[in-house]
Amino acid sequence: VALSGAATVEDLLALGVGCATGVPCSWLAPLTTEALAGGRLPYVPAASEGEAIGIAAGSWLGGRLAAVLIQNSGLGNAVNPLTSLAATYELPMLLVVSHRGRVDGDAPQHRLMGAITEPLLELMQIPTRVLPNEPVAAREVLAAAVADATARSRPAAVIVPRGTVAPADQADALPAKHARPVTVRVEADAPAVAPTRAAALATLAGALRVDDLVISTTGMVSRELAAAGDRDATFPMMGSMGCASALALGVALAAPARRVVVVDGDGALLMKAGALATIGAQLPGGLLHLVLDNGCYESTGGQPSASANVDFAALAAASGYARAATLGGASDLARLVSGFAVGDGPALAALAVQPGREAGTPRVPRTPQALRDGFREAVLGPALVP
Ligand SMILES: Cc1ncc(C[n+]2csc(CCOP(=O)(O)OP(=O)(O)O)c2C)c(N)n1
């Protein structure tokens, strides 16, 4: 016996899973295919497993529990956001991990990861269950994992041995190129003197509306933005470098009526630039992606990044964003944020900022759990937060 993909997707829906994301594995293909074809469980194809963890985190913050469907070979790609995002902020998600290399005979590249999959999950303190191939028992295991994830607010994993899910037909329809407005590139008329990062963040803080949801990247960006105005609707990331835009995508898809602003660094964006294509494919209309480009990893001492030869607006435009702009200065930023409407996105605006920091900027003053709860309440309203 083997599980049917369709029935397993129904089980996930019945357990309250509202969204799936991941990177394909042939052993899990029936689930992915079913989610894509059935349309009952929205599936967001991620460019990397780490990005998928970011999307799942944002999805839950936006009110939709997510399942992350990945091959164990991609577990390594997910370690950073699992440890520094999901564990740090205590964010529930269901990991469905195929277990390649579990038994002899699989391809050589799966052998070592096959042997260390369960110990690696255990090292990350992620409770792990093996998915049985019998439907009733499988439903119980999935239910136990989801209960564990939600009751204890953390990722919980189900690992899937070979042959557990019955093979399905090949996914038939590849996504068509979506119809979208011609990308507008706005160049500043007269480049102004680049503001400092702190000044740009203060300008942003001043242009925000009360119910704007903001996600800021790890490092001094989050600290300086918090210093410019700590608010529940801002989620400062303290780790998971590169995952801010994926998390913002998860939020924007779960809360499509909201303006979602993500503040990225050049180094962080380049670390997970695949997310641009994911965002360009998903077209979250409320997403505004700001890149504060100081040409370096300022937070760790100003070491140069590779951004000097990168045109972030061109990169976003080429990735399917609806709008992309290179801003000339802080006043462009204020104008852009004031004028941005849900439906205009996804939009990216790159702003050159001076390297350097505001001396004495404290760490983000609230605990990760308080930041999580405040942000979720800002998305869902106090009545809806369990
Ligand atoms: C995965 C990972 N690698 C390295 C670091 C260390 N680190 C923290 S902030 C940072 C620099 C971020 O640079 P950028 O996104 O350009 O922002 P900036 O600090 O320049 O404003 C680095 C490398 C980290 N937190 N996580």
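Everything that follows concerns the structure shown earlier in this document.
It should be emphasised that the depicted structure is a prediction, and the values quoted were computed from it without experimental measurement.

## Here's the deal with the overall build of the protein
Within the protein, the regular secondary structure consists of 14 helices and 15 strands. At 21 Å, the protein has a C-alpha radius of gyration in line with the 21 Å of a compact globule built from 386 residues. Along the three orthogonal principal directions, the C-alpha set of the protein runs to about 65 × 45 × 45 Å. Across the 386 residues that make up the protein, the buried fraction comes to 53%. Long-range contacts, defined as pairs at least 24 residues apart, comprise 79% of the intrachain contacts of the protein with a sequence gap of at least 6. Placing the 27 positive and 32 negative side-chain charges of the protein at their respective mean positions leaves the two points 1 Å apart.

## Some details on unusual backbone geometry
In the segment running from Gly-345 into Pro-346, the intervening peptide bond is cis, with an omega of 0°. Structurally, Pro-346 can be placed in the loop between α13 (330–339) and β15 (347–352). Phi is positive for Ser-240, which is not a glycine, with a value near 45°. With respect to the element layout, Ser-240 can be found in the loop between β9 (234–236) and α9 (244–254). The exposure class of Ser-240 is buried, given its relative accessible area of 2%. If you check the backbone angles, Leu-283 has positive phi at about 55° while not being a glycine.

## Topic: the environment of Glu-224
When you line up the elements, Glu-224 lands in helix α8 (residues 220–228). Discounting chain neighbours no more than four positions away, the residues touching Glu-224 are Arg-197, Ala-198, Leu-201, Arg-357, Glu-358 and Thr-361. Separated by 2.9 Å, the side chains of Glu-224 and Arg-197 make a polar contact. From its side chain, Glu-224 meets the backbone nitrogen of Ala-198 in a polar contact 3.2 Å long.

## Things to note about α8
Every buried residue of α8 is accounted for by Met-220, Val-221, Ser-222, Glu-224, Leu-225 and Ala-226. In this structure, the buried residues of α8 make contact with α7 (197–207), β8 (213–216), β9 and β10 (260–265).

## Examining the side chain of Thr-217
Residue placement: Thr-217 occurs in the loop between β8 and α8. Taking the relative accessible area as the measure of exposure, Thr-217 reaches 2% and is therefore buried. The contacts of Thr-217, once residues within four sequence positions are left out, are Ser-222, Met-237, Ala-244, Val-263, Asp-264, Gly-265 and Ala-268.

## As for the site of the ligand
Close contacts around the ligand come from 15 residues, with Arg-197, Gly-267, Cys-296, Glu-298 and Ser-299 the closest. Between the ligand and Arg-197 there is a distance of 2.7 Å, counted from an oxygen atom to a side-chain nitrogen or oxygen. One of the side-chain nitrogen or oxygen atoms of Asn-294 is found 2.9 Å away from an oxygen atom of the ligand. Computed on the free molecule, the ligand has an accessible area of 590 Å², of which 77% lies beneath the protein chains in the complex. Secondary-structure elements contributing two or more residues to the shell around the ligand are α10 (266–271) and β12 (296–297). Examining the composition of the shell around the ligand, we find that four residues originate from one element, α10, more than from any other.

## A closer look at the pattern of salt bridges
Summed over the entire model, instances satisfying the criterion amount to 15 salt bridges. Between Arg-129 and Asp-148 there is a salt bridge, and its shortest N-O distance comes to 3.3 Å. With a gap of 19 residues between them, Arg-129 in strand β5 (residues 128–130) and Asp-148 in helix α6 (residues 135–151) connect regions that are remote in the sequence. The exposure class of Asp-148 is buried, given its relative accessible area of 12%. Across the pair Glu-298 and Arg-357 runs a salt bridge whose closest N-O atoms are separated by 3.1 Å. Placement of Glu-298 in the loop between β12 and β13 (303–304) and of Arg-357 in the loop between β15 and α14 (368–380) is noted, with a sequence separation of 59 residues between them.

## Considering the pairing of strand β3 (residues 65–71)
Most of β3 is tucked away: seven of the seven residues are buried. Both faces of β3 are covered, namely the face carrying Leu-65, Ala-67, Leu-69 and Gln-71 and the face carrying Ala-66, Val-68 and Ile-70. Pairing of β3 with strand β4 (residues 93–98), which is carried by five bridges, proceeds in the parallel orientation. Paired with Ala-67 across the two strands is Leu-94, which belongs to β4. At this point the chain moves from β3, through helix α4 (residues 75–89), to the parallel β4, and the crossover so formed is right-handed.

Definitions and cut-offs
- Residues numbered from 1 in each chain as written.
- Predicted model: local features only at pLDDT ≥ 70, side-chain atom pairs only at ≥ 80, totals over all residues.
- Heavy atoms only, no water.
- Helix = DSSP H or I, 4+ residues; strand = E, 2+ residues; numbered from the N terminus.
- Rg over C-alpha atoms; globule rule 2.2 N^0.38 Å.
- Buried < 20%, exposed > 50% of the residue type's maximum accessible area, 1.4 Å probe, protein only.
- Contact = heavy atoms within 4.5 Å.
- Lys, Arg positive; Asp, Glu negative; His and termini not counted.
- Charge placed at Lys NZ, Arg CZ, Asp CG, Glu CD.
- Polar contact = N/O pair within 3.5 Å; in protein donor to acceptor, adjacent residues only side chain to side chain.
- Near = heavy atom within 4 Å.
- Areas by Shrake-Rupley, 256 points an atom, 1.4 Å probe, with all protein chains shown as cover.
- Salt bridge = Lys/Arg side-chain N within 4 Å of Asp/Glu carboxyl O.
- Pairing = 2+ DSSP bridges.
- Right-handed = clockwise from strand over helix to strand, strands pointing away.

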